[in-house]
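What follows is the residue order along each chain.
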Number of protein chains: 2
Amino acid sequence: MERSGWLVLTASAGSLILVFLWKRSRERRHRVPCESWARWVMAKTDGSSLQAPLLLTGVPLGECTDRWSDTYLERIIGETKISVHISNTRFLDFAAKNFKYEIMTFQGFLRRIQSSSEGTFLYYRSQHQKRNKASSLDTLGSIADDFVMPRLLLDPFRVHSTVLRVASTGLCMWLHYDVCDNFLCCIRGRKRVVLFHPNDIDRLYVSGSSSAMGSRLLQKRGQTQLWKEFPLASAAWSRRLEVVLNAGDVLFIPSFWPHCTEALPSKGSRSSISVNTFLQRPEWASLHDPKDVWANRELLPAQEATKGMEKILPQLQELPPVPRAFYCRKMAAELLAMAN
Amino acid sequence: MERSGWLVLTASAGSLILVFLWKRSRERRHRVPCESWARWVMAKTDGSSLQAPLLLTGVPLGECTDRWSDTYLERIIGETKISVHISNTRFLDFAAKNFKYEIMTFQGFLRRIQSSSEGTFLYYRSQHQKRNKASSLDTLGSIADDFVMPRLLLDPFRVHSTVLRVASTGLCMWLHYDVCDNFLCCIRGRKRVVLFHPNDIDRLYVSGSSSAMGSRLLQKRGQTQLWKEFPLASAAWSRRLEVVLNAGDVLFIPSFWPHCTEALPSKGSRSSISVNTFLQRPEWASLHDPKDVWANRELLPAQEATKGMEKILPQLQELPPVPRAFYCRKMAAELLAMAN
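Residues numbered from 1 in each chain as written. Chains lettered and ligands numbered in written order. Predicted model: local features only at pLDDT ≥ 70, side-chain atom pairs only at ≥ 80, totals over all residues. Heavy atoms only, no water.

Draft legend 1. Spatial organisation of the overall build of chain A. Summing up its helical and strand segments, chain A has 10 helices and 15 strands in all. Considering only C-alpha atoms, chain A reaches an extent of 75 × 60 × 45 Å along its principal axes. Taken across its 340 residues, chain A has 54% of its residues classed as buried. Long-range contacts, defined here as pairs at least 24 residues apart, represent 79% of the contacts in chain A between residues at least 6 apart. (Helix = DSSP H or I, 4+ residues; strand = E, 2+ residues; numbered from the N terminus. Buried < 20%, exposed > 50% of the residue type's maximum accessible area, 1.4 Å probe, protein only. Contact = heavy atoms within 4.5 Å.)

Right, here's the structure in full:
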């Protein structure tokens, strides 16, 4: 080969390596840090380790990861009546309410997931039988015994609730935040989680605790259109964290980190199963609403502030456009000054 | 000359022209538009012409521009007792209160301005003798007859107040906003005015109606330090409007446009004189506080909203840092969504 040929070859190879390294560095930038759970437990006494998401490896979760086949679950809780989210799109959206609730047996639910055509997506989130109580696996009978979180991991938190979640693969849960810390445990299948820093809340078009973007952030195509509709979200997206959980992985999601999830396809099943445990920090105990069932009722002082805001907005609405915008911005600046 | 010599010369001249054009385009970018007052009166029926500052030329302002020498003013109102702002810096700052008030005769005030050493700056803003009434030139005797605004220009506004302002040259008035529209008339000397769009209120560190930056924006040096202390203000500065008023010029400052002024040196006097007329738009009449003396009391619905905000902030203060910042940003986003 001539010298120029070598040069072209070397240059091409160099470019390929550069593109590979650049892509890898971009992926790394968004990656949730990973730590062994035992080491994290030791660091947890320092509150700062509770400020960011963390993928915990090697957590012993009990028998569930081995046992929870469809056959097993049908046998134990097949006859239990449950309320299921059902939708003809995989991108669930709480604001647009693009799903319905349907009551069915757990057995019927599992069978429908496995047999359903491409266009139907189902999602189950366990609730307490008494609607005013937080979810606990105990209400699902003996499967509760199959899921065990190490006591050391839960200390010194107070467990708020434990939730079983079963979704058709492909199903995307809308972007939302919770007021409780959260151990999200992947039991079967794979789960993608995208997370945002609490400081990005003002770029995520959240009303209540859900985003007007639904789960559209997880669509592979159509981001140009999304940024047109939600222009501030693009910057938040560039700062997101991402992780893919495999069976047995546990993700620590700190309270107030907005997140959305995608049940990824995996071999042998058209459903994904996870359990999550919501936690309250003892030092925040007095701030939590005792009536909070879903782990998303605002902290008590924030409820008061929210009520105040609900009075302020109509008062500002009484102003003509220029002074309205002026005072809105002036008051926003006061809030942002307190945030920083 | 050799060819290379010509090339260097041509290139240098070209660079100079480019720098000149670039500087001129930058100055233009910040310039307040200018219009004859008669044409503006005709356009005024369309409310949109009241949305931006405008330099009005050729406004007949009465005899004041010719008559108001120190000798004349001393003769007519020399014995009147007035309250004067006095400071050892020319950059007045309402938040830092770097000035004092002193009572003196108008004559004494004028003489002190003309004789005072470099390090003392004086500023007078006329008030009504009854402190609960808005300023009117009538309380200063017959000089009131020397200042006349064309009736056509004032229609259909309601005149809120007319204020005489006399300042040592060099004196800079702190950045603030008014809730009334304003005709600022330069009677003697030259006056630099820097204005910001109401949408930049959230970048100007305003509390009440005054900025924590005082008048430091007008310092020729020290901007690097200023942007360190007030990082958001830099972007607002890049979008400012500027104008230099000469004797006889009238600047229309719409309500809610934050502004600061500098009394520029001019020949023959160490003082600058202006009169401004604050106006209320008839369609906003019910929004103005009847107790507003200084043209800076918030519009009534904004007063209510401000009271609400004063309750919200301590409620948010009860939260730990992360949820506090989170809810502050979330509520700021609601306000900003209403602003847009």
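Draft legend 2. Up close: the sheet that holds strand E1 (residues 34-36) of chain B. Residue and element names in this part refer to chain B. Sheet architecture is open: 9 strands sit in the order E1-E2-E13-E8-E15-E6-E5-E3-E4, paired in mixed fashion. Taken across any chain shown, the strands that pair with only one partner, and hence form the sheet edges, are E1 and strand E4 (100-105). Averaged over all pairs of adjacent strands, the angle between their axes in this sheet comes to 30°, without regard to strand direction. Relative to strand E13 (residues 250-253), strand E8 (residues 181-188) is paired through 4 bridges, and the arrangement is antiparallel. (Pairing = 2+ DSSP bridges. Axes fitted to C-alpha atoms, helices over the stretch in contact; angles between N-to-C directions.)

Draft legend 3. Focus on the pairing of strand E14 (residues 259-264) of chain B. Residues and elements named next belong to chain B. Among the 6 residues of E14, 6 are classified as buried, and the element is accordingly described as predominantly covered. Burial of the side chains of E14 extends over both faces: His-259, Thr-261 and Ala-263 are buried on one face and Cys-260, Glu-262 and Leu-264 on the other. By the bridge criterion, 6 bridges tie strand E9 (residues 190-195) to E14 in an arrangement that is antiparallel. Pairing of Val-194 across the sheet is with Cys-260, part of E14.

Draft legend 4. Summary view of the UniProt feature "domain: JmjC" (unreviewed entry) in chain A. What UniProt calls "domain: JmjC" (unreviewed entry) maps, in this numbering, to residues 138-296 of chain A. Between the end C-alpha atoms of residues 138-296 of chain A the distance is 21 Å, and the span holds 11% helix and 37% strand. (UniProt positions renumbered as here; feature names shortened; annotations may be inferred.)

Draft legend 5. Just helix H4 (residues 70-77) of chain B, in detail. Of the positions making up H4(B), those classed as buried are B:Asp70, B:Tyr72, B:Leu73, B:Glu74 and B:Ile77. Next to the buried residues of H4(B) lie helix H3 (64-67), helix H5 (106-115), E8 and strand E15 (271-280) of chain B.

Draft legend 6. Structural context of the pattern of salt bridges. Residue and element names in this part refer to chain A. The tally for this structure, following the rule as stated, stands at 36 salt bridges over all chains. A salt bridge links Asp-146 to Arg-67; the nearest nitrogen and oxygen atoms lie 2.6 Å apart. Highlighted residues: Asp-146 in the loop between strand E5 (121-125) and helix H6 (151-154) and Arg-67 in helix H3 (residues 64-67), separated in sequence by 79 residues. Among the residues examined, Asp-146 registers a relative accessible area of 2% and is labelled buried. (Salt bridge = Lys/Arg side-chain N within 4 Å of Asp/Glu carboxyl O.)

Draft legend 7. Structural context of the interface of chain B and chain A. Facing the 47 residues of chain B at the interface are 47 residues of chain A. A buried area of about 4,700 Å², summed over both sides, lies between chain B and chain A, and 74% of it is on carbon and sulfur atoms. On the chain B side of the interface with chain A, the three residues burying the most area are B:Phe326, B:Arg329 and B:Met338, jointly 16% of the side's total. In this assembly, chain B and chain A are joined by 4 salt bridges. Between B:Glu298 and A:Lys330 there is a salt bridge whose closest N-O contact spans 3.2 Å. In this structure, the connection of chain B to chain A is made through 16 residue pairs in polar contact (both at pLDDT 80 or more). Those elements giving two or more residues to the side of chain B that touches chain A turn out to be helix H9 (300-317) and helix H10 (321-339) of chain B. Looking at side-chain class alone, the side of chain B that touches chain A contains 31 nonpolar, 8 polar and 8 charged residues. (Buried area = accessible area lost by both parts, 1.4 Å probe. Polar contact = N/O pair within 3.5 Å; in protein donor to acceptor, adjacent residues only side chain to side chain. Nonpolar A, V, L, I, M, F, W, Y, C, P; charged D, E, K, R; others polar.)

Draft legend 8. Up close: the packing of helix H4 (residues 70-77) of chain A against helix H5 (residues 106-115) of chain A. Residue and element names in this part refer to chain A. It is the contact of H4 with H5, at a shortest axis distance of 9 Å, that shows an interaxial angle of 155°. Here H4 lies roughly antiparallel to H5, going by the angle between them. Contacts from Asp-70, Leu-73, Glu-74 and Ile-77 in H4 reach Phe-106, Gln-107, Leu-110, Arg-111 and Gln-114 in H5. Per-class residue counts for the contact of H4 with H5 are 4 nonpolar, 2 polar and 3 charged. (Parallel < 35°, antiparallel > 145°, perpendicular 65-115°, else oblique.)

Draft legend 9. Examining the relation of the copies chain B and chain A more closely. Turning chain B through 180° and shifting it by 0.1 Å along the axis lays it on chain A, with an RMSD of 0.2 Å. Both chain copies can therefore be described as sitting about a two-fold axis. When each C-alpha of chain B is compared by its distance to the rotation axis, B:Ala332 comes out closest, at 2.1 Å. Comparing interface residues between copies, 100% of those in chain B also lie at the interface in chain A; the contact surface is shared. (Least-squares fit on C-alpha atoms with pLDDT ≥ 70 in both.)

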